Amino acid sequence: MTARPNADPPHAEPPHAPVDGPLYAHAIVRRGFRPRPGLAGADGGTVIVVPEGPLAALVSVPRGPGGVWGGDGFPRASGAAGMSPAEAAQDAADAHRRVVDEAAATVCVLPLRIGTVHHGEAQVRRVLTERADLYERLLTRLDGRLEWGVKAYADDAAGAWAAGDGDGAALADGAGEPVDKLARAAHHALADVAECSRVHHRRDACPHGVLPGAAASCATSAYWTSPISGAPYPHGRNLLDSAYLVHREAAGVFAETVGGLVARCPELHIELTGPWAPYSFADPDELPDLWD
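Residues numbered from 1 in each chain as written. Predicted model: local features only at pLDDT ≥ 70, side-chain atom pairs only at ≥ 80, totals over all residues. Heavy atoms only, no water.

A. Region of interest: the pattern of salt bridges. On inspection of all chains with the given rule, the structure shows 8 salt bridges. One salt bridge in this structure joins R125 and E52, with 3.6 Å as the shortest N-O distance. Linking R125 in helix α2 (residues 121–130) with E52 in strand β2 (residues 46–52), this pair joins segments that are 73 residues apart in sequence. The class for R125 is partly exposed, based on a relative accessible area of 28%. (Salt bridge = Lys/Arg side-chain N within 4 Å of Asp/Glu carboxyl O. Helix = DSSP H or I, 4+ residues; strand = E, 2+ residues; numbered from the N terminus. Buried < 20%, exposed > 50% of the residue type's maximum accessible area, 1.4 Å probe, protein only.)

Right under this line is the structure:
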């Protein structure tokens, strides 16, 4: 039997009634992806696909009329099940990661900033149309690649601390005691294996006790969105907290490089996490070769 030229793809989005109310946007994927039935998004809302052209957005539909999210993308008190503002913000971040990571297990995903809310499907489709070229380039650049996180610590007694506030200054100023130089060398060794890298700073993390209004600014931080942001640092002074964009085929080499650093640098406690969706590389500014 010959397929119809315009037949729907095998994983076509199931039909649903258009949603006019607020939609919490999690990620951009290529059209044809279908989320797992029952996948819960922000505030437990149902996750649906809103397609437009070759792209689609994964969004959460609010559970109640009018939505439960404020303009900053975090649940209002009435919809947060008695949680404090900080707890509600963390719950929103956890839901965002859950949706993004599940999709990233099977397809290329472009994570959106946490707290991204659109006023209905029409606005989602309009954004997909207006940013189609950028989204297509990002998906092409990130296809087959995932994010790995590496943290390195040193005991307080391992050496004097470099001048600065201890949130990555040792990597930036080229100065410091031996442990700082080891961390710098470790970063360069990993960056040589990865396609891109990004050094995070503690100031990127969303502070504890954040209010919903302030959470919107923290939401722009890939560090806070990413699972690698497990602050506080439990193993002494943090010398390195970085994300690396690695092709799936190079994952073994990357892990071996980390293992080699662990063996050669007993002064450092090195942690490897991942792979994750490319949270830290969804910003075009983090991909200098995007427009080549």
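B. Inspection of unusual backbone geometry at higher detail. In this model, G274 is joined to P275 through a cis peptide bond whose omega is 5°. By the element assignment, P275 lies in strand β9 (residues 269–276). Not every positive phi belongs to a glycine, and D43 is a case in point at roughly 55°. For D43, the location among the structural elements is in the loop between β1 (23–30) and β2.

C. Expanded view of the nonpolar core. Membership of the largest hydrophobic core comes to 25 residues, with the highest contact counts inside it found for I28, L110 and Y135. Going through the elements one at a time, β1, β2, β3 (55–61), α2, α3 (132–142) and β8 (237–247) are the ones with two or more residues in this core. The contact partners of L110, leaving out residues within four places of it in the chain, are A27, I28, Y135, L138, L139, L142 and A282. A152, A154, L239 and L240 belong to the second-largest nonpolar core, a separate cluster that totals 20 residues. (Core = buried A, V, L, I, M, F, W, Y, C linked by side-chain atoms within 4.5 Å. Contact = heavy atoms within 4.5 Å.)

D. Structural context of α2. Among the residues of α2, those classed as buried are E121, V124, V127 and L128. Along the axis of α2, the buried residues cluster in a sector spanning 125°; they form a single face. Of the exposed residues in α2, the ones pointing more than 90 degrees away from its buried face are A122 and E130. The elements touched by buried residues of α2 are β1, β2, β3, β5 (117–118) and α3. (Arc of directions from axis to C-beta.)

E. The packing of aromatic side chains, seen in detail. One pass over the structure, following the stated rule, counts 2 aromatic pairs. Judged by centre distance (5.5 Å) and plane angle (50°), the rings of Y244 and F254 are tilted. Of this pair, Y244 sits in strand β8 while F254 sits in helix α8 (residues 251–264); the two residues are 10 residues apart in sequence, bridging distant segments of the chain. Both residues of the pair, Y244 and F254, count as buried. One aromatic cluster is present, built from ring pairs that chain together W148, Y244 and F254. (Phe/Tyr/Trp six-rings, centres within 6.5 Å; stacked < 30°, edge-to-face > 60°.)

F. Molecular detail of the environment of E102. Assignment of secondary structure puts E102 in helix α1 (residues 85–104). Separated by 175 residues in the primary sequence, E102 and A277 place their C-alpha atoms 9.1 Å from one another.

As far as function goes, none of this settles anything; it's purely spatial.
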